[in-house]
Amino acid sequence: MVKSFRIKKIVIGEGIPKICVPIVGTDEEQINSEISILKASNFDIVEWRADYFESVTNLDKVQQTLNTLRASLPDVPLLFTFRTKEEGGVREFDIQSYITLNEAVIRSGLVDIVDIELFTGDQYVKTLIEQAHKNNVLVVLSNHDFNSTPPKDEIILRLRKAQRLDGDIPKIAVMPRNTKDVITLLDATREMKEQYADRPFITMSMEGIGLISRLAGEIFGSAITFGTVTKASAPGQIPANELKNILNVIHKNISK
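Fair warning: this is a prediction, and the values are worked out from it, not measured in the lab.

Attention now goes to the pattern of salt bridges. With the rule as written, the count across this model stands at 13 salt bridges. Notably, a salt bridge pairs Asp112 with Arg70, separated by 3.0 Å at the nearest N-O pair. You can see Asp112 sitting in the loop between helix H3 (95-108) and strand S6 (113-117) and its partner Arg70 sitting in helix H2 (residues 59-72), a full 42 residues away along the chain. You'll find Asp112 and Arg70 in the same group, each marked buried. A salt bridge links Glu191 to Lys152, with the nearest nitrogen and oxygen atoms 2.9 Å apart. Taken together, the residues Glu191 in helix H6 (residues 179-196) and Lys152 in helix H5 (residues 152-164) connect sequence positions 39 residues apart. Looking at Lys152, the relative accessible area reads 23%, which means it is partly exposed. Shared partners join several salt bridges into a network, and the residues in it are Lys152, Asp187, Arg190, Glu191 and Glu194.

Encoded structure:
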C-alpha cells in the first residue's frame, strides 16, 4: 500500500496531483513581490528555489528569508530547493556548501520539505535524510536529466534507488527529444506506480513536448506537478491557474 503524507491542509499521494509553484527572486525585494502575486493564484505547495537567491551563501539572510516566507504563507507547505548547476540550477556550489546549507535549513524549523539531489553521494544523502526526519521534514529525493530521457528501466531504477535510500518523495525530471521519449517517461511512471512504489513520487518530461506528463499524473502516478505564477523554474511549466483547471477536468472525468 502506498503511504501518503499530510502537510498542513494537503495530502500528498491522494487524489489530484498537488501543484507546486516556485519562488525564484534574486533578492528579498523580488521575493516579497512574488509572495504578493502568489496569494491570488491556485497552488498547493511553494518551492523556494534558493539557487536563484544572490545571498544564498549568507545563512543569516537565508534564515531571514525563510522567516518571511513562513510568516507570509503560514498555511502553505514550504519546499526548500537548492538546485545545483549540474542538475539545471543557476549557481555552482561545492558539496560542503550544499550540505551546510541544507543542514541549516532542516534545523530551522521553517520548512516542511527539502529537496536533496539523489546523486549527491549515498552517505551524504542518508545523513541529510536522517537529519530531516529527526526535524519532521520530508525529503524530495530528486534527479534531473537536462540532456536526455534515459531508458524506461533506468528511470525506474533511479526512482527505486531514491525509495531505497528512504527519500519520502522520489522525483525524476527528464528532457525529451521526441514524443517517444515522453511516452517512455509516462510508461516508466505507470510501471513504477503499479509494481514498485510504496510512497508518492514525482515524474515529469520537460519542455512543451513533455507538457502532457505535467497534466496526467493522476492517471499515470505522479503525485506533484509544477506550475508557474511568476517565472518558470524549468522548461515546460504552465501557469498554475491553467494547470489547476486542467487537473480538475481530468479528475472529474476519470472519477465518473
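Okay, the UniProt feature "binding site: 3-dehydroquinate" (unreviewed entry) in the protein chain next. As annotated in UniProt, the feature "binding site: 3-dehydroquinate" (unreviewed entry) corresponds to Glu47, Trp48, Arg49, Arg83, Arg214, Ser233 and Gln237 in the numbering used here. When you line up the elements, Arg49 lands in strand S4 (residues 45-49). Residue Arg49 is classed as buried on the basis of its relative accessible area, which comes to 4%. Judged by relative accessible area, Gln237 falls into the buried class, the value being 12%.

Turning next to the sheet that holds S4. To summarise the sheet geometry, strands pair through backbone hydrogen bonds and adopt either a parallel or an antiparallel arrangement. The 8 strands lie next to each other as S9-S8-S7-S6-S5-S4-S3-S10, forming an open sheet whose pairing is parallel. Two strands lie at the open edges of the sheet, namely strand S9 (202-205) and strand S10 (224-226), each paired on one side alone. Averaged over all adjacent pairs, the angle separating strand axes in this sheet is 25°, with direction ignored. As defined by bridge partners, S6 adjoins strand S7 (residues 138-145) across 5 bridges and the pair is classed as parallel.

Another aspect to go through is the pairing of strand S8 (residues 169-174). Most of S8 is tucked away, with 6 of its 6 residues classed as buried. The alternating pattern of S8 places Ile169, Lys171 and Ala173 on one face and Pro170, Ile172 and Val174 on the opposite face, and all of these are buried. Here S7 pairs with S8 via 6 bridges, running parallel. Within S8, the residue paired with Asn143 across the bridge is Ile172. Regarding topology, H5 serves as the crossover connection from S7 to the parallel S8, and that connection is right-handed. In the sheet, S8 pairs with S9 via 4 bridges, with the strands oriented parallel. Note that in S9 the partner of Ala173 across the bridge is Met204. Taking the sense of rotation as the criterion, the β-α-β connection linking S8, H6 and S9 turns out right-handed.

Okay, the UniProt feature "active site" (unreviewed entry) in the protein chain next. Mapped onto this structure's residue numbering, the UniProt feature "active site" (unreviewed entry) falls at His144 and Lys171. Annotated residues spanning 28 residues; largest pairwise C-alpha distance 8.3 Å, indicating a single compact cluster. Excluding residues within four positions of it along the chain, His144 makes contact with Arg83, Glu87, Lys171 and Ala173. Structurally, the position occupied by Lys171 is in strand S8. With a relative accessible area of 6%, Lys171 lands in the buried category. What Lys171 contacts, discounting residues up to four positions off in sequence, is Arg83, Asp115, Val140, Leu141, Ser142, Asn143, His144, Leu159, Ile202, Met204 and Phe226.

Attention now goes to the packing of aromatic side chains. The full count for this structure, using the stated rule, is 4 aromatic pairs. On the numbers, 5.6 Å between centres and 75° between planes, the contact of Trp48 with Phe80 is edge-to-face. One end of the pair, Trp48, is in strand S4; the other, Phe80, is in strand S5 (residues 78-81), with 32 residues separating them in the sequence. Of the two residues, Trp48 and Phe80, both sit in the buried class. Positioned above the aromatic ring of Phe226, the side-chain terminus of Lys171 is 4.4 Å from the ring centre.

Topologically, Asp168 is positioned in the loop between H5 and S8. Buried within the structure, Asp168 lacks any salt-bridge partner; Lys3 is the closest side chain of opposite charge, at an N-O distance of 5.1 Å. In this structure the side chain of Asp168 is engaged in a polar contact, spanning 2.7 Å, whose partner is the backbone nitrogen of Val139. If near-sequence neighbours (up to four positions away) are discounted, Asp168 is found in contact with Phe5, His133, Val137, Leu138, Val139, Arg199 and Pro200.

About the criteria used
Residues numbered from 1 in each chain as written. Predicted model: local features only at pLDDT ≥ 70, side-chain atom pairs only at ≥ 80, totals over all residues. Heavy atoms only, no water. Salt bridge = Lys/Arg side-chain N within 4 Å of Asp/Glu carboxyl O. Helix = DSSP H or I, 4+ residues; strand = E, 2+ residues; numbered from the N terminus. Buried < 20%, exposed > 50% of the residue type's maximum accessible area, 1.4 Å probe, protein only. UniProt positions renumbered as here; feature names shortened; annotations may be inferred. Pairing = 2+ DSSP bridges. Axes fitted to C-alpha atoms, helices over the stretch in contact; angles between N-to-C directions. Right-handed = clockwise from strand over helix to strand, strands pointing away. Contact = heavy atoms within 4.5 Å. Phe/Tyr/Trp six-rings, centres within 6.5 Å; stacked < 30°, edge-to-face > 60°. Lys NZ or Arg CZ within 6 Å of the ring centre and 35° of its normal. Lys, Arg positive; Asp, Glu negative; His and termini not counted. Polar contact = N/O pair within 3.5 Å; in protein donor to acceptor, adjacent residues only side chain to side chain.

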